[in-house]
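Summary of structural features
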Amino acid sequence: MLFTQLFINGLQTGALYALIAAGFSLIFGMTRIFHAAHGATFTIAGYIFYECYSVLHLSWPIAALAATFAASVFGVLLDRFVYAIIQRHEGSFFTVFVASFGMAIIVQNLIAMIFERGAVTVSTPLSKSLEMLPGLYVAPIAAVVILCAVIFFMALQWLLTKTSMGIALRALGENPTLIEVYGLTPRLLSQYVFLIGSILVVPAAILTAATSGLNPAMGNHVMLISIAATIVGGVGSLRGAAMAGLILGMAENLCLSVIDPQWSEAVTFVILFLFILFRPGGVYGRAVVS
Amino acid sequence: MKKLILGLTLIQAAWALPASATDYAIGAIFPMSGPNAEYGQIFGAGVNLAVEHINADKKLSGTLSVIYEDSQALPAQGVTAATKLVNVSKVPYALSAFTGVSKAVASVGARTKTVMVNGGGVGPDLATLGEYFWNTIPLANFEVRAMAPFLVKDKGFKRVAMVYVDDPIGQSLLTDLGTEVKAAGGEMVGNFSIPTTAQQFSGIAARVRDTKPDVVYIASYGNQQVQLIKQLRDNGISQPIASYSAFSTPSVLTLPEAKGVYFSAQQLNLTRDDPLTKRVVADYKAKHNKEPGAYVVNYYNAVLTFAELASALEKAGKPVTGENLLAQRKATKSFEFVGATVSFADDGTIKAPIQINEIVGDGTTKVVSAGK
């Protein structure tokens, strides 16, 4: 029964990791910007939802909308007023990374100043486990997490493959110079990518607030998961990010049946290391031309 | 003309005299960012109040100030901060926190003869870090000695499972709890170590449930302990939860899932009828709208200790150095602290009665076992 329990926990954690990684993978794959402030977007969305739902007692759809709005505004403004300016002055990949990293630190400290430095949680009956079978506990929120992941990935897949905007975004990831020949503006498309990538992180932030709680410094963990899932899944592949998130979450939980919990997080990095060594392109990766 | 020259000479002579007032700076190596920043905020509230009182009372000839450095509760960052405070700011006295950080900075203090004072970390081996390392908080071995009999004998919880963070405080508590539970007639049915960065505990909950414990003891701190309590409760751990003084933070005390949790902490007598205790309680309440907790009091006392020692050294005409502060502490039999009159033992620690609290909810606690 322990294995079944860990399998279900792994499914929930994996779906959450997939949602967390999707936004980062999309942004990095399409714009080649190492958006280190992706964790900050996650934290902002989580705290806005917490403030609206738990403190101001607004209904959850309104709180979720407020979180989506805040995350979107942050992502788009960061792209427009930080990344775009650095790129206009031909700043290097590293310069953009440092700016993004700095922004993540600023956001972490601002949130600590506004919301205090302690952890906060969103209480909901959905996170309370029910005993389905003797020794097997499942929380209703597990189904919500998995359902959310499926819906968001299907919607994203549809957007990227069936709409002209999605095709343009994929073209941006392939060759940003060439798309200008077709009358498209890479800068504008970049903002759409940040808008979608920032929205993608919102369900994960809300569900994390309800399952494990929020703290101002949690963006670092989000980034670790995002980077690992992007590399394992293959840069630029959303299917890959989803699959990698699932693999990492499952591995983190299933390994508990055989090893000490202390090493469960290390399993993530062992997987990452193995992929870098033996399959650097990731699960669904393709050759990257630098 | 002669008077003018005499006047000018006197003015020049007066200017040439050494200043009678000396300003002092002490260091504070606290986590100000990262997942344990909540503690830094609490510790800082105690330090700032003490500095405010000391300067208002003109306890020292000059002004006392604090130079804060961010350790992020990480030993390496702590050593960098301590080195900066000692070598650049030249402080004779610095405050530290967290067992791992304190153990790391103690060597800097011993090497440079700078006094390091801990008021927050409770690892038992903090009593063995040399004579330049002092503690104004009773250490965890005393807490475990009070908690284990309470759980096993008073409550009848014979089977104890433990989830502990894999760092010096977690390891210390693991050793001490194992010994004390066995001595009280109970047994440890499972020990689960977690990394300091872990945030997902549903799998741990499954492993803990499998051991069928009567009580779960948590040895973690900071934001992680909040996540741990919530996820254990959400994932079917209905057994009582117990822990140590790190649970006395607002985020734990206000967590709905933490209702009914037991934690040990030093006994604070804030109703003590002395002007110092009354003043600290009143002023802290006025600023923060609540009574000061143990951490606030411990760091207030740590700063007060410096002021008492530095004042005595000034009166004796000696410079305020780490060496002289240590000698003066050894020569001082007792200190009037907030809530108690205390003495430092030879190993630089203090002792205080330990009580068991139960979290009632909405940020409040009740004492379920009086200080022993």
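Treat the numbers as computed from the prediction; the structure is a model and nothing was measured. (Residues numbered from 1 in each chain as written. Chains lettered and ligands numbered in written order. Predicted model: local features only at pLDDT ≥ 70, side-chain atom pairs only at ≥ 80, totals over all residues.)

Counting its regular elements, chain A contains 10 helices and two strands. When the helices and strands of chain A are placed in sequence order, the string is α-α-α-α-β-β-α-α-α-α-α-α. If you line up chain A on its principal axes, its C-alpha atoms span 65 × 50 × 35 Å. Buried positions account for 51% of the 290 residues belonging to chain A. In chain A, the share of contacts with a sequence separation of at least 24, taken over all contacts with a separation of at least 6, comes to 76%. (Helix = DSSP H or I, 4+ residues; strand = E, 2+ residues; numbered from the N terminus. Buried ≥ 20, exposed ≤ 12 C-beta atoms within 10 Å, placed from the backbone. Contact = placed C-beta atoms within 7 Å.)

Another aspect to go through is the nonpolar core. Grouped burial of nonpolar side chains is what soluble globular proteins tend to show. Core analysis: the biggest nonpolar cluster contains 219 residues, and Ala45, Phe49 and Ala67 of chain A together with Val303 of chain B have the highest contact counts within it. A per-element tally of this core places helix H1 (residues 2-31) of chain A first, with 16 residues. Per-domain counts for this core show at least three residues from each of domain 1 (24-137 + 271-351) and domain 2 (141-267 + 355-369) of chain B. Apart from residues lying up to four places away in sequence, Ala67 of chain A is in contact with Ala45, Ile48, Phe49, Val202, Ala205 and Ile206 of chain A. (Core = buried A, V, L, I, M, F, W, Y, C linked by C-beta atoms within 7 Å. Domains from an automatic or database assignment.)

In this section: the interface of chain A and chain B. Often, the extent of an interface is quoted as the loss of accessible area upon association of its parts. Tallying the contact residues gives 32 residues for chain A and 34 residues for chain B. No other element matches H1 of chain A, which puts five residues into the side of chain A that touches chain B. Taken together, the residues that form the side of chain A that touches chain B break down as nine nonpolar, 17 polar and six charged. (Nonpolar A, V, L, I, M, F, W, Y, C, P; charged D, E, K, R; others polar.)

Here we take up the sheet that holds strand S3 (residues 93-96) of chain B. Residues and elements named next belong to chain B. If you walk across this open sheet you meet the five strands as S2-S1-S3-S4-S5, and the pairing is parallel. Taken across any chain shown, the strands that pair with only one partner, and hence form the sheet edges, are strand S2 (64-70) and strand S5 (133-135). For this sheet, the mean angle separating the axes of adjacent strands, direction not counted, is 25°. Both strand S1 (residues 24-30) and S3 contribute to a ladder of three bridges, which runs parallel. (Pairing = 2+ DSSP bridges. Axes fitted to C-alpha atoms, helices over the stretch in contact; angles between N-to-C directions.)

Before going further, it helps to examine the domain arrangement of chain B. Residues and elements named next belong to chain B. Domains assigned within chain B are domain 1 (24-137 + 271-351) and domain 2 (141-267 + 355-369). Summarising the inter-unit geometry, the C-alpha centres of domain 1 and domain 2 are found 28 Å apart. The interface is formed by 18 residues belonging to domain 1 together with 19 residues belonging to domain 2. Listing elements by their share of the side of domain 1 that touches domain 2, those giving two or more residues are helix H2 (37-56) and helix H4 (99-112).

Residue and element names in this part refer to chain B. In S3, alternate side chains face the same way, and those of Tyr93 and Leu95 on one face and Ala94 and Ser96 on the other are all buried. Relative to strand S4 (residues 115-118), S3 runs parallel, the two being bridged by four bridges. Paired with Ala94 across the bridge in S4 is Met116. Regarding topology, H4 serves as the crossover connection from S3 to the parallel S4, and that connection is right-handed. (Right-handed = clockwise from strand over helix to strand, strands pointing away.)

Turning to the sheet that holds strand S8 (residues 215-219) of chain B, a few remarks are in order. Residue and element names in this part refer to chain B. Pairing is mixed in the open sheet, where seven strands are placed in the order S7-S6-S8-S9-S10-S13-S14. The open sheet terminates on both sides in strands that have one partner only, identified here as strand S7 (187-194) and strand S14 (364-369). The mean angle between the axes of side-by-side strands here comes to 30°, regardless of whether they run parallel or antiparallel. Pairing geometry for S8 and strand S9 (residues 241-243), over two bridges, is parallel. Along S9, the bridge assignment pairs Val216 with Ile241. In the packing of helix H5 (residues 140-154) onto the sheet, the strands contacted are strand S6 (159-165), S8, S9, strand S10 (262-266), strand S13 (354-361) and S14, and the crossing angle to S13 comes to about 65°.

This part covers the environment of Ala205 of chain B. Residues and elements named next belong to chain B. Checked against the element boundaries, Ala205 lands in helix H7 (residues 202-210). Since 24 C-beta atoms lie within 10 Å of it, Ala205 is described here as buried. As a C-alpha pair, Ala205 and Leu228 span 23 residues in sequence and 9.0 Å in three-dimensional space. Here Ala205 is in contact with Gln231, Leu232, Asn235, Gly236 and Ile237, once residues within four sequence places are set aside.

What follows is about the pairing of S10 of chain B. Each regular strand displays side chains that alternate between the two surfaces of the sheet. Residue and element names in this part refer to chain B. By the criterion of burial, S10 is predominantly enclosed, with five of the five residues buried. Of the two faces of S10, the one holding Tyr262, Ser264 and Gln266 and the one holding Phe263 and Ala265 are both buried throughout. Examined bridge by bridge, S9 and S10 share two bridges and lie parallel to one another. Residue pairing across strands places Ser243 opposite Phe263, the latter belonging to S10. Looking at chain direction, S10 and S13 are connected through five bridges and run antiparallel. Each residue of the ladder has a partner; that of Ala265, found in S13, is Gln355.

All names here are of chain B. Relative to the elements of secondary structure, Glu257 occurs in the loop between helix H9 (250-253) and S10. Each C-alpha atom, one on Glu257 and one on Gln231, is 9.0 Å from the other, the two residues being 26 residues apart in sequence. Not counting residues up to four positions away in its chain, the partners in contact with Glu257 are Ile229, Lys230 and Arg233.

So, about the packing of helix H9 (residues 238-254) of chain A against helix H10 (residues 264-278) of chain A. The angle between the axes and the distance between the axes are what describe a pair of packed helices. Residues and elements named next belong to chain A. At a closest axis distance of 8 Å, the pairing of H9 and H10 adopts a crossing angle of 140°. On the basis of the axis angle, H9 is oblique to H10. For the pair H9 and H10, the crossing hand works out as right-handed. Contacts from Ile247, Leu248, Ala251 and Glu252 in H9 reach Ser264, Glu265, Val267, Thr268 and Ile271 in H10. Grouping the constituent residues of the contact of H9 with H10 by class yields five nonpolar, two polar and two charged. (Parallel < 35°, antiparallel > 145°, perpendicular 65-115°, else oblique. Left-handed = near helix turned anticlockwise from the far one by under 90°.)

All names here are of chain B. One can find Phe142 in helix H5. Among the residues examined, Phe142 registers 21 C-beta atoms within 10 Å and is labelled buried. For the pair Phe142 and Lys333, spaced 191 residues apart in sequence, the C-alpha to C-alpha distance is 23 Å. Setting aside residues up to four positions removed in sequence, Phe142 forms contacts with Lys351 and Ile354.

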